[in-house]
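The lines below spell out each chain.
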Amino acid sequence: MSPTPTAPRALPDVALETRTDHGGPLAAVGMQQIEMPVLLRLADGSAQRVAARVDVEVDLARADARGIHMSRLYLELDRHLSAEPLAPAGLRRLLRDCLASHAGLSTRAQVRLRFAHLVRRAALASANTGWRSYPLEIVASLERERCVLEVVFEVQYSSTCPASAALARQLIQQRFTADFPTTQALDHGAVLAWLGTSDGIVATPHSQRSTARVQLQLAEDAPLAIEEWIDAVEHALQTPVQTAVKREDEQAFALANGQNLMFCEDAARRMRAALAADSRIADFLVRASHHESLHPHDAVAVATKGVPGGYAGLP
């Protein structure tokens, strides 16, 4: 005889059946560092799948509930992020579905995505190209049907100190006066040859790799124009780090540095000017960090759009 089939047993749900020892609402409950692929729309209109780390959280508003349904949040992430390229409307739907899956428990939801955005860049002078990787973070939050979307990215660039450049020029002038005294007639060929030696350029200004961190709060219904904003910041700074570099590219980079001397204050103001008129950006905070070669600490400057009640420059 075949065994008599038994009715399936309901699995216990401790989160619902067991009361917590200490009741009360919680500001946020969820998961961090979830491994998840996301689709990103590129500047040429194509879509690229990238590996991301995702945080998702909801509040626990019901004081007598022990916990939330984390698996529901994971499934919503998987369903939404796999279906279509990242866009404000899609992130808004994701957050609404996260809240719908916790009806009666939660009133707020937030998702944070971190990944590297790869862009192929042309060399400054040669015909070569190479890849640049930009750390990117997208944060979307929803409360009372108000969705706030933020984009954070970093750009690496070179900064040459204006004060150091002035001091170097003074030393070069002094060396020129010593090697070509006023009592001696100047010979064009001799001066040209002198400029090509270490005696001619006796001092150089200090420069260093620097980091621009850009935090944008998008206007309502603004698109994710990620590469446009990265390009705008790099164009404002004029000295982004390079990829494939031949000697002609290195020379062009030296020229760009010499023509764009800047303190961290200058870099922050350049970025502010590049972003201030963009109607797609409701608010921004930019931080220029110059990882100084002169001393072991960084020089830092911060600029904001100046929106009342918006981003503040100081913590």
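The structure this text deals with has already been given above.
Residues numbered from 1 in each chain as written. Predicted model: local features only at pLDDT ≥ 70, side-chain atom pairs only at ≥ 80, totals over all residues. Heavy atoms only, no water.

1. Here's the deal with the nonpolar core
1) Next: Counting residues in hydrophobic clusters, the biggest one holds 63 residues, and the most contacted among them are Leu-86, Leu-113, Phe-115 and Phe-153.
2) Next: With sequence-adjacent residues up to four places away left out, Leu-113 is seen in contact with Val-38, Arg-53, Val-54, Leu-81, Leu-86, Leu-91, Leu-136, Glu-137 and Ile-138. (Core = buried A, V, L, I, M, F, W, Y, C linked by side-chain atoms within 4.5 Å. Buried < 20%, exposed > 50% of the residue type's maximum accessible area, 1.4 Å probe, protein only. Contact = heavy atoms within 4.5 Å.)

2. With respect to the pattern of salt bridges
1) Next: Applying the stated rule across the entire model yields 18 salt bridges.
2) Next: Across the salt bridge formed by Arg-53 and Glu-35, the nearest N and O atoms sit 3.5 Å from each other. Taken as a pair, Arg-53 in strand E2 (residues 47–60) and Glu-35 in strand E1 (residues 26–41) lie far apart in primary sequence, 18 residues in all.
3) Next: A relative accessible area of 36% means that Arg-53 is categorised as partly exposed.
4) Next: Where Arg-144 meets Glu-143, a salt bridge forms, and the shortest distance between an N and an O atom there is 3.1 Å.
5) Next: Each of the salt bridges in this network shares a partner with another, and the network as a whole consists of Asp-55, Arg-112, Arg-114 and Glu-137. (Salt bridge = Lys/Arg side-chain N within 4 Å of Asp/Glu carboxyl O. Helix = DSSP H or I, 4+ residues; strand = E, 2+ residues; numbered from the N terminus.)

3. A look at the environment of Ala-10
1) Next: In this fold, Ala-10 is placed in the segment before helix H1 (14–17).
2) Next: Residues Ala-10 and Glu-250 lie 240 residues apart in sequence; the distance between their C-alpha atoms is 69 Å.

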